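This is what each chain is made of:
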Amino acid sequence: LGVLGCTDDLDQVPKYEDTSANIYKDFANYKSILAKAYSGLALTGSQGPEGNPDIKGGNEGFSSYLRQYWQLQELSTDEAVISWTDAGLPNLHSMDWTSTNQFIEALYYRIFYQVAICNEFIRETTDGKLSERGITGADFEEAKHYRAEVRFLRALSYWHAIDLYGSVPFVTETDEVGSFFPKQISRADLFAYLESELTAIESELVPARQNEYARADQAAAWALLTRLYMNAEVYTGQGRYTDAITYARKVIDAGYTLEENFEHNFLADNDQSTEVIFPVASDGLRIQSYGGMNYILKGPIPRGKNVEYGIDAGWSGPRATKNIVDLFPPIGSGIDEREMFFTEGYTLEIGSVASETDGYPIIKFKNITSTGQPGSHVIFVDTDFPMFRLADIYLLYAEAVLRNGQGGSRGEALGYVNDLRERAYNNTSGNITDGQLTLDFLIDERGRELASEAVRRTDLIRFGRFTEDTYLWPWKGGVENGRGVESYRKLYPIPQSDLIANPNLDPKVNGY
Amino acid sequence: CCSLLAQQIVKGKVTDENGAELPGVNVLIKGTAVGTATDAEGIYSLTVPADQATGGVIVFSFIGYLSEEVAINGQTTVDMRMIPDILTLGEVVVVGYGTQTKKDVTGAMVAVTNKEFNKGQNVTADQLIMGKVAGVQITSNGGAPGSGSQIRIRGGSSLNASNDPLIVIDGVPLDNDRTAGSPNPLSLINPDDIESFNILKDASATAIYGSRASNGVIIITTKKGKAGDKMQVHFSSQGSVSKVVKTLDVLSADEFRAVVGQYANAGDKTRLGTANTDWQDAIFRDAYTYDNNLSLSGAFKKIPYRLSVGRLSQEGILLSSKLERTSAALNLNPTFLDDHLKVNMSLKGLMTESQFADEAAIGTAASFDPTQPIRADYPAYDGYFEWIQGNGNPTGLAPRNPVSILSQQDGRADVKRSIGNLQLDYKLHFLPALRANLNMGYDISESDGTTTLPATMASVMLQGGTHNVYTQKKQNNLLDFYLNYVKELPGLHSKVDVTAGYSYQSFTTKNPASYTLSIQNEGDTLNRVEPVELKNVLVSFFGRLNYSFKDRYLLTATLRRDGSSRFSPDSRWGTFPSVALAWRIMDEPFMQDVKGLTDLKLRAGYGVTGQQDLGATSQGYYPYLARYVRSNAEASYLFGDTYIRTLRAQGYDFNIKWEETQSYNVGIDYEFLAGKVYGSVDYYQKKTKDLLAEIPLPAGSNLTNRLFTNVGEVENRGVEASVNVKAVERGKFAWDIGVNATYNKNEVLRLSKTANESSAGIEVGDIGGGVGNRIQIHTVGYAPYSFYVYKQVYNEQGAPLEGVYEDLTGDGEITADDKYRYHNPAPNVFLGFNTRLSYDRFTLSMVARASFRNYVYNNSAANAYFSNVSQSGYLVNISAAVYDTRFVGPNDANRQYSDHFVENASFLRMDNINLSYHVGKVVKEKLDVNVSATCQNVFVITNYSGLDPETSTGLTNSFYPRPRVFTLGLTLDF
């Protein structure tokens, strides 16, 4: 039997898995660990499409980062209502969510999952540890790029945290893995941390447009800094529009160009877009999940519609309120090609949120290529999610100028806005004059240009239109004609489960 | 010489309680050395000295039976019918690493032998002792073939590490993990091969098994041949039919039409069909089971043997589920070297072929639209009705036709398993008091499974059908070695019995990569699950001292030191001591004159046991290691134009360590009227600290959000009592009654991972009807798994008001803070009752169980609100409980947390009624025949409104109903 050998046999290690002590000795593994940090935005676990989730509790597809980021940014606004009755889902649009809402909880744990795995990578790839493990030369330089990208990804998630949840628990690579109680960081301190992180990694990232597709470069960090500074007043009470202009300018100067055909940014081959600064990749065969783009793309498509969108079936989910429809020239006129409502069998008015045909769905994303070919798989989609794209930076630049940021010019701002208008109208008929370039115009233009791209909630808050009773949409606050809600609803609550698990957390800091 | 002349011969025949001849019975003249034993026909002949011929008394004794005394009074023929006895004091009971006589036992333990086993269709071993033993709660997992039971000894001591007892078969401890493709570890033992169960309940009895003993130990001994016996052949055959007793009460087709007409949205109203289908009726059937067993036992030359083969064919009541089991077992137990070397060789082999039904069909059948037909003109779906869209594709998210799920899906698994061991017990020639025992054992299994879903099934239609292939290999190895020294010290009125040993066990599981293949494009891999290989090693050193003084003051002390590969080198060793004292009060001189009382023993024990079983996953086997897991190809990420499989850092807790249970036990064993009334009473207290539980971690602190870690303390306290009465023993008529009762209370004492002890606690208990919703909570000061709910408000007529709950905090709104802790699923009291009435050749036996104040969350009632029928694109049925609440929904997010749906599920269940008739000898007096008829799951009395009040979790949604089983049995012996 050969089992008399005794206590040494107690040191067992898994056969098909490796431990951190070994894994970082082989540089070939680094890229796979880096890929995990990126894929945390797109996938739900290590077994596609499901079966070995990163975070536990509840439905794996529901736990998707991108899916819940989209829901929390869209369903609470005029861009989306949904008829599904999953517990807590109707509450997102009626704005009466609680701290036990499963969707609010899912994104929260996703954000901190990203933070934790990024911390782990950063901790294991310090210059000292790299040298110790014999990672030298080109590998060493490459590892430093990886590390900077992971710091970017961590910053991206902390940015989602500061934007959606406010004051949150704070952990960095200096905290060891365990079961300690992280301290809560104030929104202002988290803002300062994000600013310092993103400026610190600027020089360590690969120059703009020089990295492999789907990996972050300097422009990704600049785009994130632009968004961070644009919303600084919301986060800290202190406007930082001059800095927003500085970083928007860096992105604009990096060489991105508007994709000629607006629609091509949202198709199965949108990895070819010249406009996308940072995407979340998706693939029907190799990046499979029941969240992510699979939800964002199929969600609004009506049941029974499939071939024309390159999918198995639509889900009859989110529909827009008439506030968004009204931003466009008359429906069906085709004047503004950004108008992507599906109207057949639907009504403009939303008599009942629970009726799946009330309100026009926005079908912006399709699993069809620019040449009309279907994606690689009928159930899972190829279309990537544009987290940052040039058009958004143009509009942020213009807005920062209007908000008295220094270093830019109204003339340039008008030029960028009209670039977008010309593309949308395919001629100059939609162009605006300097007099028309107002903040009110810009929020509407963002609604037209960036609908369904998960920016609406942040935009409405920045423009004072989210909880206030001065701007209403159907069923805002759970009533048909809309109503204002408590101002603390500008933030989502820290989930009850973490308040229980971590006694350092105080929900009152965020107004709850 | 006069006395010689006066010698007298007494002859007679000894039979067992069924009238079968009993060979090997000792027949002695009381107070003398004169005696003999019965032969193979149960006949004895005894030469009685003259001085005993009238005043003498013959004593009949046999292991497992009550001793009987008969005054000779000049008789020349004395026949005897022996009565079985579980509490025969001289009985040898099996304890860890050895045996003891019953009277010397200091711990809380119960032996159940095959004479007392439940009768009827018992296809898994646990069913043999259901309801028989105080403190042992056996809950069957539902009605699937071979699905077995959850066994809890004294309530379980962990929160969510394993609460399963350790099962040891012929000296080989099994691992509790499920073998792929087989439903339950005990489903792989043929119940017909089992001789006895010895159930060790308190720590002083179990601590010798250290780290695996916190939840009690069940030692199963299989049947063996006896030295000197000629070959005996035993054949048994049973045929059963299982019938569905009850299905979920849902809306009828007409009720459904009315509800849809009133509450569904306009689009869905048009989807109503014209059929009247009882879907639950359509998926269940009467199921037939055949179980045949043949055994040969005896001694070949000097080698006692028992060889058995068995064949079970069991259908499930759910369409298409089936289990076929072929088993063989061989026991050889020869002795050599003038009985100095005893050898026990045991080999068991088993093959099962299972056909699995997709049990999701049960829940689907309860909720499928009753106005739709089973079959429709849908050739693409093989003629089954399905919810489809305009283009003929299946409607997204809609349920699939449950009959199609069962008829079209083909899930099969073959499992081969072998358990064996060789035990050498050598009594040293130069020092017979010293014995060396070497035990080498293995438990190997191999599973191969396939699941085929044809393209005509709606769930896989768009993928063109799928074919899934999986395999698993498990191998557990065991090596025990111990020395045992027994010394009588007459000068000190003492006896010392010392054992010291070493044990090594390894548990290996290999799951090679499994694949889901496309049927349409043969050879295409749709999905691959990465391979897993796990190994857990336990190394142990143990010792035991049994000391008795004047045969009535008994001490047992044990010590075990265990190392587990599950923990880091800093925390992997645990020490598990125990000590127990027993006082045989009855043997005190001052008790000799007490009338009626024939035995009395007081026991007290204390011990520490451990727990390290975190389940058969990588996380469970290597919880302290910082591991990285590679994704499958379908979970890659894109860099440039290359898809890269990812490496994920797993959550871990470097400091994770043993869960430890300290337990105290005080008990009394008593017997009145020479075995007419006997039993025991025990009080126990178990405190488990450093509990292993999977809890939500503070966000950001680890590499996942929920993880197994050491979290706190729980306490179990209880009293258990048993009484067995031989109420009548008069001629051909005998009546035995056994009753056992257990009171148990659990409480969470500490949850250390939340520093603030006033915090709400840890939410657990996932429920259906919304994703990620939990209904239970662990809170300090409350029972684990307490329901955490809103207090429903009722109107004056007692009907619940929809969406109205008590504002317990009084702040004017209903928030999560208004939840309170209600009851919990564990019963306060459970009872077991068994009785046996025999008259001549007839024996009637019954087993019943009762459970009090076990609460159940009625999940199907909680999802029953009128508007739930309308799902925008398809319709679903709901529980008829909706007529009690008349809830409309759906806008009450708190509905499913209403305490209205937590019900008192106390119950009384008649488990088993068996009538057997001993036909007696036929065919030239060679063949002994018994016939029997059994009904199992006879009835349940309960106020619970759902399907079945007996659940292991307190949560019910869809549940494989327990069938009522009628069995006819025949046994032949010759």
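Residues numbered from 1 in each chain as written. Chains lettered and ligands numbered in written order. Predicted model: local features only at pLDDT ≥ 70, side-chain atom pairs only at ≥ 80, totals over all residues.

Caption draft 1: Local environment of the overall build of chain A. Along the backbone of chain A there are 18 helices and five strands. By principal-axis analysis of the C-alpha atoms, chain A measures approximately 85 × 50 × 50 Å. Relative to all contacts within chain A whose residues are 6 or more apart in sequence, the contacts with residues 24 or more apart total 66%. (Helix = DSSP H or I, 4+ residues; strand = E, 2+ residues; numbered from the N terminus. Contact = placed C-beta atoms within 7 Å.)

Caption draft 2: Highlighting the interface of chain A and chain B. Taken together, the 95 residues of chain A in the interface contact 84 residues of chain B. Those elements that place two or more of their residues in the side of chain A that touches chain B are strand 1 (18-19), helix 1 (20-23), helix 2 (28-42), helix 4 (90-94), helix 5 (102-124) and helix 18 (496-501) of chain A. Looking at side-chain class alone, the side of chain A that touches chain B contains 43 nonpolar, 33 polar and 19 charged residues. Pairing geometry for strand 1 of chain A and strand 33 (residues 627-630) of chain B, over two bridges, is antiparallel. The residue of strand 33 of chain B that forms the bridge with Asp-18 of chain A is Tyr-628 of chain B. (Nonpolar A, V, L, I, M, F, W, Y, C, P; charged D, E, K, R; others polar. Pairing = 2+ DSSP bridges.)

Caption draft 3: Layout of the domain arrangement of chain B. What the domain assignment lists for chain B is domain 1 (2-81) and domain 2 (92-222). Put simply, the middle of domain 1 of chain B and the middle of domain 2 of chain B, counted by C-alpha atoms, are 38 Å apart. (Domains from an automatic or database assignment.)

Caption draft 4: The arrangement of the environment of Leu-491 of chain A in detail. Residue and element names in this part refer to chain A. Counting through the fold element by element, Leu-491 comes out in the loop between helix 17 (456-462) and helix 18. Residue Leu-491 is classed as buried on the basis of its 21 C-beta neighbours within 10 Å. Counting along the chain gives 328 residues from Leu-491 to Asp-163, while the straight-line C-alpha distance between them is 7.5 Å. Sequence-distant contacts of Leu-491, that is, excluding residues within four places in its chain, are made with Leu-164, Tyr-165, Gly-166, Asn-510 and Gly-511. (Buried ≥ 20, exposed ≤ 12 C-beta atoms within 10 Å, placed from the backbone.)

Caption draft 5: Broad picture of unusual backbone geometry. Residues and elements named next belong to chain A. The peptide bond linking Gly-48 to Pro-49 adopts the cis configuration, its omega dihedral lying at -5°. Position of Pro-49 among the secondary structure elements: in the loop between helix 2 and helix 3 (65-74). The backbone of Ala-214 shows a phi angle near 80°, a positive value even though the residue is not glycine. Residue position: Ala-214 is located in the loop between helix 8 (187-201) and helix 9 (218-230).

Caption draft 6: Inspection of the sheet that holds strand 33 of chain B at higher detail. The three strands lie next to each other as 1(A)-33(B)-36(B), forming an open sheet whose pairing is antiparallel. Edge positions in the sheet fall to strand 1 of chain A together with strand 36 (647-649) of chain B, since each of these pairs with one other strand and no more.

Caption draft 7: Representation of the pairing of strand 23 (residues 410-427) of chain B within the structure. All names here are of chain B. Pairing of strand 22 (residues 341-356) with strand 23 involves 16 bridges; the strand directions are antiparallel. Residue Met-351 lies in a different strand from strand 23, and its bridge partner there is Lys-416. Across 18 bridges, strand 23 lies against strand 24 (residues 434-453) in antiparallel orientation. Each bridged residue has a counterpart across the sheet, and for Gln-423 the counterpart in strand 24 is Asn-439.

Caption draft 8: View of the packing of helix 14 (residues 390-402) of chain A against helix 16 (residues 439-450) of chain A. Residues and elements named next belong to chain A. One can describe the packing of helix 14 onto helix 16 by two numbers: an axis separation of 10 Å at closest approach and a directional angle of 170°. Classified by the angle their axes make, helix 14 and helix 16 are roughly antiparallel. Between helix 14 and helix 16, the residues in contact are Ala-391, Asp-392, Leu-395, Ala-398, Glu-399 and Leu-402 and Leu-439, Leu-442, Glu-445, Arg-446, Glu-449 and Leu-450, respectively. Grouping the constituent residues of the contact of helix 14 with helix 16 by class yields seven nonpolar, no polar and five charged. (Axes fitted to C-alpha atoms, helices over the stretch in contact; angles between N-to-C directions. Parallel < 35°, antiparallel > 145°, perpendicular 65-115°, else oblique.)

Caption draft 9: Structural context of the sheet that holds strand 4 (residues 43-48) of chain B. Residue and element names in this part refer to chain B. Taken together, three strands build an open sheet; the order of strands is 4-1-7 and the sheet is mixed. Looking along the sheet, the strands with just one partner apiece sit at the ends: strand 4 and strand 7 (80-81). Summarising the sheet, strand 1 (residues 8-15) and strand 4 pair through six bridges and their orientation is antiparallel. Bridged to Gly-12 within strand 4 is Tyr-44.

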